[in-house]
Amino acid sequence: MTGKGQSQSYAPGIADMEALARDAMARLPDPFRDFLSGVLLIVEEFAEDAVLAEMGIEDPFELTGLYTGRPVGEPAATGDMPATIHLYRRPLLEEWIETGVSLESLVTHVIVHEVGHHFGLSDDDMHALEDAAE
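If you're wondering where the values come from, they're calculated on a predicted model, not measured in any experiment.

**Student:** How would you summarise the nonpolar core if you had to cite specific residues and measurements?
**Tutor:** By size, the foremost hydrophobic cluster in this structure holds 26 residues, and its most contacted members are M17, I85, L87, V107, I111 and V115. Going through the elements one at a time, α1 (14-26), β1 (40-44), β3 (84-88), α4 (89-99) and α5 (103-119) are the ones with two or more residues in this core. Looking at this core, the element that brings in the most residues is α5, giving 8 residues. For L87, the contacting residues outside a window of four places in its chain are M17, A21, L41, I42, V43, E44, T64, G65, L92, V107, V110 and I111. Listed in part, the 6 residues of the second largest apolar core include A47, I57, L63 and L66.

**Student:** Outline the packing of α1 against α5, supporting the account with residue identities and numerical values.
**Tutor:** Two numbers describe a pair of packed helices, the interaxial angle and the distance between the axes. Across the interface, α1 lies against α5 with an axial gap of 9 Å and an inter-helix angle of 60°. Between α1 and α5, the interaxial angle falls into the category oblique. For the pair α1 and α5, the crossing hand works out as right-handed. For the pair formed by α1 and α5, the contact residues are M17, L20, A21, A24 and M25 on the first element and L103, E104, V107, T108 and I111 on the second.

**Student:** Any chance you could break down a negative patch on the surface for me, citing the residues and the numbers?
**Tutor:** Judged by side-chain charge, E58, D59, E62, E94 and E98 come together as a negatively charged surface patch. Relative to the helices and strands, E98 is located in helix α4. Among the residues examined, E98 registers a relative accessible area of 60% and is labelled exposed.

**Student:** Can you explain the environment of D80? Please cite residues and give values.
**Tutor:** Considering the arrangement of structural elements, one finds D80 in the loop between β2 (65-68) and β3. D80 gets classed as partly exposed once you look at its relative accessible area, which sits at 33%. Remark: the alpha-carbon pair of D80 and G69, spanning 11 residues in sequence, is separated by 7.5 Å.

**Student:** Please provide a residue-by-residue account of the pattern of salt bridges, values included.
**Tutor:** In total, this model carries 3 salt bridges according to the counting rule given. A salt bridge links R22 to E18, with the nearest nitrogen and oxygen atoms 2.9 Å apart. Residue R22 and its partner E18 are both found in helix α1; the two are separated by 4 residues, about one turn of the helix. Judged by its relative accessible area of 42%, R22 is partly exposed. Across the pair D30 and R33 runs a salt bridge, and its minimum N-O distance is 2.0 Å. Of the two residues, D30 and R33 are both situated in helix α2 (residues 30-33); the distance of 3 residues between them amounts to about one turn of the helix. The partly exposed category is assigned to D30, whose relative accessible area is 45%. Residue classification places R33 among the partly exposed positions, given a relative accessible area of 33%.

The rules we used
Residues numbered from 1 in each chain as written. Predicted model: local features only at pLDDT ≥ 70, side-chain atom pairs only at ≥ 80, totals over all residues. Heavy atoms only, no water. Core = buried A, V, L, I, M, F, W, Y, C linked by side-chain atoms within 4.5 Å. Buried < 20%, exposed > 50% of the residue type's maximum accessible area, 1.4 Å probe, protein only. Helix = DSSP H or I, 4+ residues; strand = E, 2+ residues; numbered from the N terminus. Contact = heavy atoms within 4.5 Å. Axes fitted to C-alpha atoms, helices over the stretch in contact; angles between N-to-C directions. Parallel < 35°, antiparallel > 145°, perpendicular 65-115°, else oblique. Left-handed = near helix turned anticlockwise from the far one by under 90°. Patch = residues over 30% accessible without salt bridge, like charges linked within 9 Å, V, L, I, M, F, W, Y side chains within 5 Å. Areas by Shrake-Rupley, 256 points an atom, 1.4 Å probe, with all protein chains shown as cover. Salt bridge = Lys/Arg side-chain N within 4 Å of Asp/Glu carboxyl O. Lys, Arg positive; Asp, Glu negative; His and termini not counted. Charge placed at Lys NZ, Arg CZ, Asp CG, Glu CD.

Structure (structure tokens):
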């Protein structure tokens, strides 16, 4: 991905979005990064229909990211799937277009929010973490 903000002439692809997300994760403070090594990052166009239905979301553009897995500190159980942060490319692009906020900022916001779920953080804690990552 070249440049910042809305200056490029094409929509960033999945690999571009993943690079933005990995950059955002790399900017998190050390104590948080240390616990993210086993967390998977998956970028998809949209959330699966079953996920949207389970969450009661009718419009797939309403979900930009999702954390699945057990938060840090909760005991693991046999058969647990790995902790995963999902980013949904098309809803993020739609928000980028509608708000004019840079895509880097939007991706960072979603990453911080989902990392917050991984740690069981409050919304206030997530805002402080987001400020530290920018």
